[in-house]
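Remarks on the overall topology
One-letter residues, chain by chain:
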Amino acid sequence: MLTVRNVITLGVSILTALRLSIPSKFAPPSLPYPSSSPNPRNSSLSALHSAPSPSHPNPKPPTSTLPSSTTRPRRKRRFRPTNAAGRVNSPPAFDDGPEETEYEIAAAYEELYVLAYSGVSVLSNDIYVMDSKVKRTSAFGKVKKEKTKDGFEERVVQVRRVTKVVKGGKQLHFRAIVVVGDKQGRVGVRVGKAKEVIDAVQKSATNARRNIIAIPMTKYLTFPHRSEGDYGAATVILGPAAPGTGVIAGGAVRIVLEMAGVENALGKQLGSKIALNNARATVVAVQKMKQFREVSEERGIPMEELWR
Amino acid sequence: MARRYWNINLEEMLEAGVHFGHGTRKWNPRMAPYISAKRKGIHITNLTRTARFLSEACDLLFDAATKGKQFLIVGTKNKAADSVARAAIRARCHYVNKKWLGGMLTNWPTTETRLHKFRDLRTEQKTGGLNRLPKRDAAMLKRQLSRLQTYLGGIKYMTRLPDIVIIVDQQEEYTALRECITLGIPTICLIDTNCDPDLADISIPANDDAIASIRLILNKLVVAICEGRSSYIRNP
């Protein structure tokens, strides 16, 4: 097996055979004759390793494969940071090491993190510091619902009352489908269910804000090309239109396109007329669209080719 | 990310038993590149690769600590619970010792409500408010307090979602890992031969059964965090 050790041994033997000077670090140290009881396990290996050249003054000590052996001369010095006492400089493990009092631990945590929710302040900080960061229910009835100003408008497509029949009777919930969009090409469609209409609308709006897609639009606020999309049994075909046409589409498709900011488009619901599935199908159709510039870059051809 | 020397000794790892895996029948074939041999029905992981991943993880933790990021250590196995708590306290990180409640990170507003309650209960206990109540109410509140202490005691200093999460056993802590993935939080995970190495960002193939091996790896990571923190404190 060709290892570094073998190669060096071979090199040393070649150099000694040629009576060339050996660099000092490769020369074997002048040890006394190897131990009188040679290790039977290593005798075969030492026979392989040692070069029986007559010009070699000192026979090579037997090499062994144990990592902790000290008879073999070290060729490669491994980097180990040690201090004067010869011990390795490593910090104590977290288990051993000085035991810290609770006071010290609490103080250290407080310095690093703002007091957060620990409730007890060691360094005399204000323990109610988190209140200003989190909205809490005020003492006067309902929390003032602040309208999140992130530029998204919500529109409810449909609210239905759905029922789950259990042993005790019927459990009623409300299911709201909400389309969220800024009028600049970003929309999201999601469902939310709750026992009250308002909560359901809120839930669906939060979810919709988390899953927003971008619609490719041209300068005249229309699609780059026509496309189809389906979700379940609902199929929707979308097509571009000349400026001044407006959005010619029905129901859910119209709402999605309006919230996206598309001004001129054609859309038709083929297949089933269920609002939720059609809204999702428009999203699928829109995701399939690509801008002409992207396609020409991908394919590496000039844009004029695409319009032939 | 500069590479530093973390004094990762292969002999130390052999002594701690980091190279032992689980039984041969329970392996995940995705771990094939990290397994070096099969001995007596147990897979043996390749320690050189472990050392490499461990040093990369330490580098990542050091750099993150120099920028003042927050860490979370998750370990709910009985064996690992104690060492996780001590390691986190030494490194001044947040930790989850007992059961990981579902939605701790993804449902952060609700967790925050619980932390508020925890804080209020503690202040009341400190000011002696519990003694003024009738016995039954006081007992109920004390029970709530002890419950919150066991489950949320390690994260009571957490103000926002952590930046890096360290998970001790992937099989046990699967929910925690899933939450981090949905939220996009980078994770460092201790992987055994029956785990999936592609889920976490940095996965360290090691033995998650032996206390010594968990201790060793946590020790190295904690040292990295402490060093990074000290340089952050010196020049923020």
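As the structure is a prediction and not an experimental result, all values here were calculated from the model. (Residues numbered from 1 in each chain as written. Chains lettered and ligands numbered in written order. Predicted model: local features only at pLDDT ≥ 70, side-chain atom pairs only at ≥ 80, totals over all residues. Heavy atoms only, no water.)

Thoughts on the domain arrangement of chain B
Residues and elements named next belong to chain B. Considered domain by domain, chain B is made up of domain 1 (13-105 + 162-234) and domain 2 (108-153). Spacing between the C-alpha centres of domain 1 and domain 2 amounts to 32 Å. Each side of the interface is counted separately: domain 1 has six residues, and domain 2 has five residues. Here domain 1 meets domain 2 over a buried area of about 550 Å², counting both sides, of which 63% is carbon and sulfur. Of all residues in domain 1, Lys-98, Leu-101 and Met-104 bury the most surface against domain 2, accounting for 59% of the area lost on that side. Applying the counting criterion to the domain 1 and domain 2 interface returns zero salt bridges. There are two residue pairs in polar contact (both at pLDDT 80 or more) connecting domain 1 and domain 2. By residue class, the composition of the side of domain 1 that touches domain 2 is three nonpolar, one polar and two charged. (Domains from an automatic or database assignment. Contact = heavy atoms within 4.5 Å. Buried area = accessible area lost by both parts, 1.4 Å probe. Salt bridge = Lys/Arg side-chain N within 4 Å of Asp/Glu carboxyl O. Polar contact = N/O pair within 3.5 Å; in protein donor to acceptor, adjacent residues only side chain to side chain. Nonpolar A, V, L, I, M, F, W, Y, C, P; charged D, E, K, R; others polar.)

Some details on the sheet that holds strand S1 (residues 20-23) of chain B
All names here are of chain B. The three strands lie next to each other as S1-S3-S2, forming an open sheet whose pairing is antiparallel. Strands with a single pairing partner mark the edges of an open sheet, and in this sheet they are S1 and strand S2 (35-39). Each strand axis lies, on average, 30 degrees off the axis of its neighbour in the sheet, ignoring direction. Relative to strand S3 (residues 42-45), S1 runs antiparallel, the two being bridged by two bridges. The residue of S3 that forms the bridge with Phe-20 is Ile-44. (Pairing = 2+ DSSP bridges. Helix = DSSP H or I, 4+ residues; strand = E, 2+ residues; numbered from the N terminus. Axes fitted to C-alpha atoms, helices over the stretch in contact; angles between N-to-C directions.)

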